[in-house]
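Now for the letters of each chain:
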Amino acid sequence: MYYSDEIVEEVRSQNDIVDVISEYTGLKRAGSTYKCCCPFHNEKTPSFSVSREKQMYYCFGCHVGGNVYTFLMKHENMTFPEAVEYLAKRAGIELPEKELSEEDKKKQSWRARLYEVNMDAAGYFHYLLTKTDRGKLGYEYYKNRGFTDETINNFGLGYSDIYRDDLYKYLKSKGHSDELMKAAGLVRFDERDGPGDQFWNRVIVPITDISGKVIGFGGRVLGDAKPKYLNTRETEIFNKGRNLFAMNIARHSKKKGVILCEGYMDVIAMHQAGYTNATASLGTALTEAQAGLIKRYTSDVYLAYDSDGAGVNATMRAIGILRKLDLSQKVIDLRPYKDPDEFIKNEGIDSFDERVRNALNGRLFEIDHIVAKYDLNDPEEKTKFMKDAGRLLAGITDITERHNYIDTVSSKYFLDKEELGRIVTQIGLAGLAETSLDAATDKEVIDNTDRRELRERQKKTSTPAEDNEKYLLTMMVNEQRLFDKLSGVISEQDFTEDIISDVAKKIFEQYRTQGKVVPANILNSFEDAESQEKVSEIFTKEFEFDTTPSIMEKVLTDVIIKIKTNNIDKALRENSNVSYIQLARQKEEVKKIRIKL
């Protein structure tokens, strides 16, 4: 770690985990905790729980968990020091000078070198485009799209040559290693053919992170080769599902909200036209992580996806994701043109401004999409439409807003307002409401489902002994009066299983010195993700019984007897020098334990 334990804890304590995670997800109050659909795997029913009291999160679906640092490291692909620095800045805390261990220096140096090799590649691509005859083909492509020299320079646009190892030779001359080029996704290495550039004979668009550092590239082929568009593969610094193209510029725009386009060429054209609030996913459908990134800077989102069938489907899906994070959704009508670039070239900026002002509310866009399937002159078809629209309207939780939508929809489509209201009510009572019509079962861009299944296969099945020890620690952390009540009956020495033993030592020590247990603080001392998830499960496990004293006494008695009996049995198995008679007596004494609260 770069910073002392005291600094790490001060920064953590000044950043409430509910407030921080709310900037990325649509957390909703659920009793004493907050819940939402997990941002780390695809699900319909919320299983991601955040505790303000414990300052921790845990997903009961995919079993990820941690504190505010863990969340940022996993969600934003930050290192631990980067998470500390981000949260310190957020809380207005001035950090002392960093002290790096040798291991930390290596990690920092490696990431810095990844940024450096990407920057050198971007510079070379731009040089080829703007300063050499070899780049004329790419330059003409950009000019034919209407891009000015200023735009080409502002976005650092480039060109990759027709030779398969052109970039490799250049980066090698700059002193970059084969290992680094491969790790950055810039060069492939084949046993037979040797090194080969990832991008060749393409116009190149550098992709930057939110701070403006080059993390990858997008390339459009010049010719008929496939694929037409190619992005850098996932690397240690490039995660296409968690970054947005030109968001580093859009977040500073004076224009209202953010305009989401389908591709980076559309975004570049939009910026040239003055819409510096335009951004786009990186060759993929919008993800929840990207919506969370937008939420940091604005709550207003305008969708300007292509007007064809694929674009409409992408719009529908994006509406659902944005709504889930409580972001407003407005859809810009680009018809009769395909995309915003084509619209502006044909109709001009004033006409596009008017389309932005008249952008259709996301909910009404969804209903417009439904109505296209029905003939409202046919009574049977009209009834089906009202039920479909009713399912969507019933998903609106705010009563006033729901009534306003019923008014608007009934007026727009000449429906009986009272009848539509009755249908909405019936659907709501039956629990058949839909919050959105997006393709919720679609696979996430980052294949979280596969990762989750892999994690589950690799995950060690816990033993009954581990379950008992975790359960007792969970009870003690949730009901901290038990530390005093169980004094002399149970101690940290009774916890002997795997990482649970380490957690118990830290918990008991913290209670002795501070008079309380702060779970998020203890988690700071576990650095690897697997350990943090195990510890998080201990701290966030929910009680499966009524916590009235009589029931608590029975549960505590049962679990303590099991833990102590298991430890005696373990001693009998592992130590041939122990007195069997003495341990047998201890076992009989343990059976007599009765907890009274």
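For the structure given in this document, a descriptive report is provided here. Every chain begins its residue count from 1, and numbering advances along the sequence as written. Note on the predicted model: pLDDT of at least 70 is required for a residue's local features to be given, and 80 or more for side-chain atom pairs to be given and counted; whole-chain, interface and lining totals, by contrast, use all residues. The basis for every side-chain value is the complete set of non-hydrogen atoms in the structure, without hydrogens or water.

## Comments concerning the packing of aromatic side chains
Consideration 1: The pairing test for Phe, Tyr and Trp rings, Trp by its six-membered ring, is centres within 6.5 Å, and the orientation test on the planes gives stacked under 30 degrees, edge-to-face over 60, and tilted for anything in between. Tallied over the entire structure, the rule returns 26 aromatic pairs.
Consideration 2: Centre to centre, the rings of Phe48 and Phe71 are 6.5 Å apart; their planes meet at 55 degrees, and the pair counts as tilted. Of the two residues, Phe48 sits in strand E3 (residues 48–51) while Phe71 sits in helix H3 (residues 68–75), which places them 23 residues apart along the sequence. An identical accessibility class is assigned to Phe48 and Phe71; each is buried.
Consideration 3: An aromatic cluster is built from Tyr24, Phe40, Phe48, Tyr57 and Phe71, whose rings are joined through pairwise contacts.
Consideration 4: Over the ring of Phe40 we find Lys74; its NZ or CZ atom is 5.3 Å from the centre of that ring.
Consideration 5: Lys213 extends its terminal NZ or CZ atom over the ring of Tyr115, reaching a point 4.2 Å from the ring centre. Segments assigned H or I by DSSP are reported as helices when at least four residues long, segments assigned E as strands when at least two residues long, and all are numbered from the N terminus. Exposed residues in this analysis have more than 50% of their type's maximum accessible area, buried residues have under 20%, and partly exposed residues fall in between, with area computed by a 1.4 Å probe over protein chains only. Two thresholds decide whether a charge sits over a ring: the Lys NZ or Arg CZ must be within 6 Å of the ring centre and within 35 degrees of the ring normal.

## Concerning empty space enclosed by the protein
Consideration 1: In the cavity and pocket records, a cavity denotes points on a 1 Å grid over the protein atoms alone where a 1.4 Å probe fits but cannot get out, a pocket denotes an open set with protein on both sides within 12 Å along at least 5 of 7 lines, and lining residues are residues with an atom within 4 Å of a point. Grid points are joined across faces, edges and corners, and a volume is the space filled by probe spheres set on the points. For the structure on display, the rule yields two cavities of 30 Å³ or more.
Consideration 2: In this structure, the second largest cavity spans a volume of roughly 30 Å³.
Consideration 3: Taken together, Thr208, Asp209, Ile210, Asn243, Leu244, Met247, Asn248 and Leu293 make up the lining of the second largest cavity.
Consideration 4: Charged residues are taken to be Asp, Glu, Lys and Arg, nonpolar residues to be Ala, Val, Leu, Ile, Met, Phe, Trp, Tyr, Cys and Pro, and polar residues to be all remaining types, Gly included. Residues belonging to the lining of the second largest cavity are distributed by class as follows: four nonpolar, three polar and one charged.

## Quick look at the pairing of strand E7 (residues 187–190)
Consideration 1: Between any two strands, at least two bridges found by DSSP are needed for them to pair. Across four bridges, E7 lies against strand E8 (residues 194–197) in antiparallel orientation. Bridge pairing in E8 places Phe189 opposite Pro195.
Consideration 2: Where E7 folds back on E8, the antiparallel hairpin that results is connected by three residues.

## Quick word on the pattern of salt bridges
Consideration 1: Whenever Lys or Arg places a side-chain nitrogen within 4 Å of a carboxyl oxygen from Asp or Glu, that contact is recorded as a salt bridge. Applying the stated criterion across every chain yields a total of 31 salt bridges.
Consideration 2: Lys412 is the salt-bridge partner of Asp368, the closest N and O atoms lying 3.3 Å from each other. Within this pair, whereas Asp368 is found in helix H16 (residues 362–371), its partner Lys412 is found in helix H18 (residues 399–412), the two being separated by 44 residues in sequence.
Consideration 3: Of the residues examined, Asp368 reaches a relative accessible area of 26% and is grouped as partly exposed.
Consideration 4: For the salt bridge of Lys470 with Glu537, the shortest nitrogen-to-oxygen distance reads 3.6 Å. One end of the pair, Lys470, is in helix H21 (residues 464–478); the other, Glu537, is in helix H25 (residues 529–540), with 67 residues separating them in the sequence.
Consideration 5: When its relative accessible area of 14% is taken as the criterion, Lys470 is described as buried.

## Examining the nonpolar core
Consideration 1: By nonpolar core is meant a set of buried Ala, Val, Leu, Ile, Met, Phe, Trp, Tyr and Cys residues that side-chain atoms within 4.5 Å join together. Core analysis: the largest hydrophobic core is formed by 63 residues, its most contacted members being Tyr142, Phe245 and Phe352.
Consideration 2: With ten residues, helix H5 (residues 102–131) is the largest single contributor of residues to this core.
Consideration 3: Here, residues are in contact when the closest pair of their heavy atoms is within 4.5 Å. Once residues lying within four places of it in the same chain are set aside, the contact partners of Tyr142 are Leu129, Phe147, Ile152, Leu157, Gly158, Val203, Ile204, Val205 and Met265.
Consideration 4: By size, the runner-up hydrophobic cluster in this structure holds 39 residues, among which are Met56, Tyr471, Phe508 and Leu583.

## Some details on the sheet that holds strand E5 (residues 65–66)
Consideration 1: Ordered by their spatial adjacency, five strands build an open sheet running E1-E2-E3-E4-E5, and the pairing between neighbours is antiparallel. Unpaired on one side and paired on the other, strand E1 (28–30) and E5 mark the two borders of the sheet.
Consideration 2: Sheet topology places strand E2 (residues 33–36) next to E3; three bridges connect them, and they run antiparallel. Residue pairing across strands places Cys36 opposite Phe48, the latter belonging to E3.

It is worth stressing that arrangement in space is one thing and function is another; only the former is reported here.
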